[in-house]
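The lines below spell out each chain.
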Amino acid sequence: MPQRLVVVGASLAGLRTVEAARRQGFAGEVVLVGAEEHLPYDRPPLSKAFLDAEDAPVEPWFRTADHLTGELGVELLLGSAATGLDATRRVVEVGATEVPYDALVVATGAAARTLPGSEGLAGVHALRTLDDARAIRSALDAGARTVVVGAGFIGSEVAAGARRRGLPVTVLEALGVPLTRSVGPEVGLACAELHRSSGTDLRCGVSVASLRSRDGRVTGVELADGTVLDADLVVVGIGASPSTGWLAGSGVTLHERDGGIVCDARLATSVPGVYAAGDVAHWPNPLFDDQLMRLEHWTSAAEHGAAAALHALDPAADRPVATVPYFWSDWYGHRLQFVGVPQADELRVVGEELGEDRFLALYRRGDRIVGAFTIDRPTQVMKYRRLIAERAPFQAALDLAHRNAASVPAPTPAAV
Amino acid sequence: MSTVRLVIDHDKCTGLGLCEAEAPDLFEVQDDGSLLLLVDGAEAARHAACQSAVGSCPTEALRLVQD
């Protein structure tokens, strides 16, 4: 039985790991290591309400320092990133400090990708951390002309935030249709329409040639065709990469494609005593034919934390992480929700077939329903999620859509 | 004897539906995004799934309170 649990990564997955450890009665030492100075905080609001033009944004802290150190008895090591792992001696290196462990959970998450040439340039930000969000918020406060690079979910939420303040915003997307890889082209088209109908200048099939700057501050974005867009704020939303550089040479197997940590269904890594949780972890999901997945979703980070604590502290436990992925995004007063997986044999835009205004797409793999994407259907989405969890036939989901169409009142337009 | 009751903070709830996923007999997000408790608060608190629903809420809008 481990006596000392070390959790590297102090965001949602790491927090849930230490909370679950105490909830399951672990009385040994618990150390939480975090790269940022901040206490654990909630990320989804950072690209949503946090950007609104109100007096002061709600601070997104999950717990107070007193709660973490006092009530939960967690030793906090914040403001210092782990730099190495010596799995033979069971030590995490945090700069010059050695942190010994019996059981280790790696929850270091992912870091936003950056644009080449943007290093050190004022006015260019990703939106991943609280510090990023504060910088973007103050730029919006100053009335920034905003260019968002990448029409993904987070970049799109920032665009919506700028529009809520009435600011001009342009979104640049390399693909012909946004979100094609994550949810499919038909869904991407519906999302693109939300941008256009809300006054955002969405430009697809374009690439950034360079950033223009003066005195170390960004002034514009130059596209490959020579067009220059003036900008005071450039938000880069081109994805994130697992933060695993510090594990090089440790023996922990990393995924050849993205460097994420390869785990089994119990979140155990290739190294005994080392587990992974959250954005950093690839794991085979039994609900989807053991498809290896790595998700950057709030819900999977929360679920992983609890599962990693269970398995790290009780190696005899065997509760595979079987979950239907779920994420949501808020754009221009619309709620976008996705449940399941997008890898499918067929994507049916069912809302349109039924003559409904609100978007609904269902994803079929074989004869099974494996995914559903909805816009402004909050009462329906969890019903589809249940069908997916039950491995229900596709027809059952179509039947549900038809029943809903018969019973749902005409939609009221959402406020922007 | 004191009873435990489930309480929804409707200001915090944004209708994400994780509670409905955990306990569909207790919670249902409505068409307008608001959350409806399908039984009364004390009855809800007696269900095993209620605790996991409370723990699953991304906005921490659900609480169990002692009367």
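Everything discussed here concerns the structure shown above.
These figures come from a predicted structure and were not determined experimentally. (Residues numbered from 1 in each chain as written. Chains lettered and ligands numbered in written order. Predicted model: local features only at pLDDT ≥ 70, side-chain atom pairs only at ≥ 80, totals over all residues. Heavy atoms only, no water.)

### Let's talk about the overall build of chain B
Move 1: Of the regular secondary structure elements, chain B holds three helices and four strands.
Move 2: Mapped in sequence order, the helices and strands of chain B form the string β-α-β-β-α-α-β.
Move 3: Over its C-alpha atoms, taken along the principal directions, chain B stretches across nearly 35 × 20 × 20 Å.
Move 4: In chain B, once contacts between residues fewer than 6 apart in sequence are set aside, the share between residues at least 24 apart is 61%.
Move 5: Accessible area of chain B: about 3500 Å², with a carbon and sulfur share of 50%. (Helix = DSSP H or I, 4+ residues; strand = E, 2+ residues; numbered from the N terminus. Contact = heavy atoms within 4.5 Å. Areas by Shrake-Rupley, 256 points an atom, 1.4 Å probe, with all protein chains shown as cover.)

### Some details on the sheet that holds strand 16 (residues 233-236) of chain A
All names here are of chain A.
Move 1: Here five strands make up an open sheet; going across it, the order is 9-16-10-11-12 and the pairing parallel. Two strands bound the open sheet, and with one partner strand each, they are strand 9 (124-125) and strand 12 (201-204).
Move 2: Most of the contacts of helix 3 (residues 130-141) go to strand 16, to which it runs at about 145°, and overall it touches strand 9, strand 10 (146-149) and strand 16. (Pairing = 2+ DSSP bridges. Axes fitted to C-alpha atoms, helices over the stretch in contact; angles between N-to-C directions.)

### Some remarks on the interface of chain B and chain A
Move 1: Listed per partner, the contact involves 18 residues of chain B and 19 residues of chain A.
Move 2: Interface of chain B and chain A: buried area, both sides summed, is about 1400 Å²; carbon and sulfur atoms make up 46% of it.
Move 3: Among the residues chain B hides against chain A, the three largest losses belong to B:Leu16, B:Asp31 and B:Pro58. Together they make up 38% of the total.
Move 4: On inspection of chain B and its partner chain A, the count reaches five salt bridges.
Move 5: A salt bridge links B:Glu20 to A:Arg386, with the shortest nitrogen-to-oxygen separation between them at 3.8 Å.
Move 6: For the pair chain B and chain A, the number of links is eight residue pairs in polar contact (both at pLDDT 80 or more).
Move 7: Of all the secondary structure elements, the ones that give two or more residues to the side of chain B that touches chain A are helix 1 (18-22), strand 2 (27-29) and helix 3 (48-56) of chain B.
Move 8: Per-element tally for the side of chain B that touches chain A: the top contributor is helix 1 of chain B, with three residues.
Move 9: Grouping the constituent residues of the side of chain B that touches chain A by class yields seven nonpolar, seven polar and four charged. (Buried area = accessible area lost by both parts, 1.4 Å probe. Salt bridge = Lys/Arg side-chain N within 4 Å of Asp/Glu carboxyl O. Polar contact = N/O pair within 3.5 Å; in protein donor to acceptor, adjacent residues only side chain to side chain. Nonpolar A, V, L, I, M, F, W, Y, C, P; charged D, E, K, R; others polar.)

### Concerning the state of the cysteines
Move 1: In the structure shown here, the tally under the stated rule is zero disulfides over all chains.
Move 2: B:Cys19 provides the cysteine sulfur closest to B:Cys50, a residue in no disulfide bond, and the two sulfurs are 9.4 Å apart. (Disulfide = S-S within 2.5 Å.)

### Observations regarding helix 4 (residues 153-164) of chain A
Residues and elements named next belong to chain A.
Move 1: For helix 4, built from 12 residues, the straight-helix expectation of 16 Å at 1.5 Å per residue is met to within 8% by its first-to-last C-alpha distance of 16 Å.
Move 2: Those residues of helix 4 lying buried are Phe153, Gly155, Ser156, Glu157, Val158, Ala159, Ala160, Gly161 and Ala162.
Move 3: A positive backbone phi angle near 75° is found at Gly166, which sits one or two residues after helix 4. (Expected span 1.5 Å × (residues − 1). Buried < 20%, exposed > 50% of the residue type's maximum accessible area, 1.4 Å probe, protein only.)

### Thoughts on the sheet that holds strand 5 (residues 91-94) of chain A
Residues and elements named next belong to chain A.
Move 1: Taken in spatial order, the three strands of this open sheet run 4-5-6, and their pairing is antiparallel. Among the strands making up the open sheet, the edge pair consists of strand 4 (84-86) and strand 6 (97-100). Ignoring strand direction, the axes of neighbouring strands in this sheet form an average angle of 25°.
Move 2: One ladder, built from three bridges, connects strand 4 with strand 5; its direction is antiparallel. Its bridge partner being in strand 5, Asp86 is matched across the sheet by Val91.

### Side note on the environment of A:Asn285
All names here are of chain A.
Move 1: Examined against the element boundaries, Asn285 turns out to sit in strand 20 (residues 281-285).
Move 2: Judged by relative accessible area, Asn285 falls into the buried class, the value being 0%.
Move 3: In this structure the C-alpha to C-alpha distance between Asn285 and Pro325, which are 40 residues apart in sequence, comes to 9.8 Å.
Move 4: Ignoring sequence-local partners within four residues, the contact set of Asn285 consists of Asp290, Gln291, Met293, Val321, Ala322, Thr323 and Pro325.
Move 5: One polar contact links the side chain of Asn285 to the main-chain carbonyl oxygen of Thr323, over a distance of 2.7 Å.

### Side note on the packing of aromatic side chains
Residue and element names in this part refer to chain A.
Move 1: Throughout the structure, instances matching the rule amount to nine aromatic pairs over all chains.
Move 2: Where Phe327 meets Phe338, the ring centres are 5.5 Å apart and the plane angle is 35°; that geometry is what we call tilted. Within this pair, whereas Phe327 is found in strand 22 (residues 326-331), its partner Phe338 is found in strand 23 (residues 334-340), the two being separated by 11 residues in sequence. Of the two residues examined, Phe327 and Phe338, each falls in the buried class.
Move 3: An aromatic cluster is present here, built from Phe153, Phe327, Trp331, Phe338, Phe359, Tyr363 and Phe373 joined pairwise through their rings. (Phe/Tyr/Trp six-rings, centres within 6.5 Å; stacked < 30°, edge-to-face > 60°.)

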